[in-house]
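# Report on the structure
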Amino acid sequence: MSSIAVGEADLYYEGRGDGLPILLIPPSGATASTWGALADELAGVGRVIAYDRRGYSRSGGGPVRSVAIHTRDAAALLDALGAARAVVVGTSAGATIALDLAVRRPDLVRAVVSHEAPWRALLHPDPSGLAMLARMQWLALRGHYDQATEVLLRYVYAYRDGGSAWDTFPDEWRQVARENGRSVVADLRSTLRSYPSRSALARLARPVVCTYGARSPGYMRTVTRALADAIPTATVRQIDGAAHAVPFDAPGIFARVIADAAASSEIARKV
């Protein structure tokens, strides 16, 4: 557990394991400490690096309204730790940053595993989702960022067969999300767009695995497949037993997908 100074932020990170670097980029409302069993599973695969993004908890700094800033931070962290050619893993907003890192700094990336990135999600609107966004924005405009965060995350972590992972998360995970409400709202506003651009994604040369949960609402499958169609090197994997909160729902299965991506990229590099 340590930190690296990047501008006005001190990026807090945690490391475990040895070998192939695996960078975990957290989603909105999450930190280095909310990956659950996934980080331990991956420590048997390589050198796991998890961190608090700028604007969150131990890294400090104000809310970030640009994906590019988060991308530069991720690059600075890998550079500082001598962890180039990493398998970069992100979920939700973290997946958007992972993809952007592969676009902007391919020298640092071996492969990407992107779970349910919200790429162009507003092109596939769900009526209940639009109502949730209106409610969340109403709360945020009145300064109730903790309540806005709860409305958003209960919705995005919902299962298609009922209920939400949000309501079964450990209490400390939910508290971390509420305490970082301003950054959660900023994340939503910066990632719920066509970013990276279709033309940027078309230039990606690194292997990308786009995953979605078998228990996720149908629109997430549509969004994930649309993203994969925009990336020439992409494959799609369904994660059984999981929805949006894949590290919580199915850490073992997701760890195997990441390990497979690492192994496949290593074989491809040697060919």
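In what follows, the structure referred to is the one given above.
Throughout what follows, the structure given in this document is the object of discussion.

Rules used throughout
- Residues numbered from 1 in each chain as written.
- Predicted model: local features only at pLDDT ≥ 70, side-chain atom pairs only at ≥ 80, totals over all residues.
- Heavy atoms only, no water.
- Buried < 20%, exposed > 50% of the residue type's maximum accessible area, 1.4 Å probe, protein only.
- Helix = DSSP H or I, 4+ residues; strand = E, 2+ residues; numbered from the N terminus.
- Arc of directions from axis to C-beta.
- Contact = heavy atoms within 4.5 Å.
- 1 Å grid on protein atoms, 1.4 Å probe; cavity = no way out; pocket = protein on both sides within 12 Å on 5 of 7 lines; lining within 4 Å.
- Points joined across faces, edges and corners; volume = space filled by probe spheres on them.
- Nonpolar A, V, L, I, M, F, W, Y, C, P; charged D, E, K, R; others polar.
- Phe/Tyr/Trp six-rings, centres within 6.5 Å; stacked < 30°, edge-to-face > 60°.
- Salt bridge = Lys/Arg side-chain N within 4 Å of Asp/Glu carboxyl O.
- Pairing = 2+ DSSP bridges.
- Axes fitted to C-alpha atoms, helices over the stretch in contact; angles between N-to-C directions.

As a further point, take helix H6 (residues 171–179). Listing the buried residues of H6 in full gives Trp173, Arg174, Val176 and Ala177. Buried residues of H6, viewed axially, fall in a sector of 155°; they line one side. Among the exposed residues of H6, those oriented more than 90 degrees off its buried face are Asp171, Glu172 and Glu179. Along its buried surface, H6 packs onto helix H5 (145–156), helix H7 (181–191) and helix H10 (246–249).

Moving on, we come to empty space enclosed by the protein. Vacant regions in the atomic arrangement are exposed by a probe of water-molecule size rolled over the atoms. For the structure shown, the criterion picks out two cavities of 30 Å³ or more. Its boundaries defined by the atoms lining it, the largest cavity holds a volume of some 400 Å³. Together, 27 residues line the largest cavity, and Pro118, Val156, Leu188, Leu192 and Tyr219 are the ones closest to its centre. Of all the elements in the fold, those that place two or more residues in the lining of the largest cavity are helix H4 (127–141), H5, H7 and helix H9 (218–229). Taken together, the residues of the lining of the largest cavity break down into 18 nonpolar, six polar and three charged. Empty space within the second largest cavity amounts to approximately 190 Å³. Around the second largest cavity, the lining comprises 18 residues; the ones closest to its centre are Pro27, Ala30, Thr34, Tyr157 and Phe169. Secondary structure elements with two or more residues in the lining of the second largest cavity: H6 and H10. Considered class by class, the residues forming the lining of the second largest cavity number 13 nonpolar, five polar and no charged.

Further remarks concern the packing of aromatic side chains. The description of two aromatic rings rests on the distance between their centres and on the angle between their planes. Within this structure, the stated rule accounts for six aromatic pairs. Relative to Phe248, the ring of Phe169 has its centre 5.0 Å away and its plane inclined at 80°; by these criteria the two rings are edge-to-face. With Phe169 in the loop between H5 and H6 and Phe248 in helix H10, this pair connects stretches of sequence that are 79 residues apart. Judged by its relative accessible area of 28%, Phe248 is partly exposed. Connected via pairs of aromatic rings, a cluster forms that spans Tyr157, Trp166, Phe169, Trp173 and Phe248.

A separate point is the pattern of salt bridges. Side chains that carry opposite charge are capable of pairing whenever their charged atoms lie near each other. Scanning the model with the defined rule gives 15 salt bridges in all. In this structure, Arg58 engages Glu14 in a salt bridge whose closest nitrogen and oxygen atoms are separated by 3.8 Å. On the criterion of sequence distance, the pair formed by Arg58 in the loop between strand E4 (47–51) and helix H2 (67–80) and Glu14 in strand E2 (residues 9–16) is long-range, its members being 44 residues apart. The partly exposed category is assigned to Arg58, whose relative accessible area is 39%. With its nearest N and O atoms 2.8 Å apart, the salt bridge here joins Asp107 to Arg105. The class for Asp107 is partly exposed, based on a relative accessible area of 41%. Taken together, the salt bridges that share partners define one network made up of Glu14, Arg16, Asp40, Asp52 and Arg58.

With respect to topology, eight strands assemble into an open sheet ordered E1-E2-E4-E3-E5-E6-E7-E8, the strand pairing being mixed. A strand with exactly one partner marks an edge of an open sheet, and here the two such strands are strand E1 (2–6) and strand E8 (234–239). Going across the sheet, the axis of each strand differs from the next one's by a mean of 25°, ignoring polarity. Taken together, the four bridges between strand E6 (residues 109–115) and strand E7 (residues 208–213) define a ladder with parallel strand orientation. Across the sheet, residue His115 finds its bridge partner in E7, namely Thr211. Its contacts with the sheet put H2 on E1, E2, strand E3 (21–25), E4 and strand E5 (86–91), and the angle it makes with E4 is roughly 140°.

With that settled, consider unusual backbone geometry. The phi dihedral of Arg85 is positive, around 60°, even though this residue is not glycine. For Arg85, the location among the structural elements is in the loop between H2 and E5. If you check the backbone angles, Glu116 has positive phi at about 50° while not being a glycine. As for its placement among the helices and strands, Glu116 is situated in the loop between E6 and H4. What makes Glu116 buried here is its relative accessible area of 1%.

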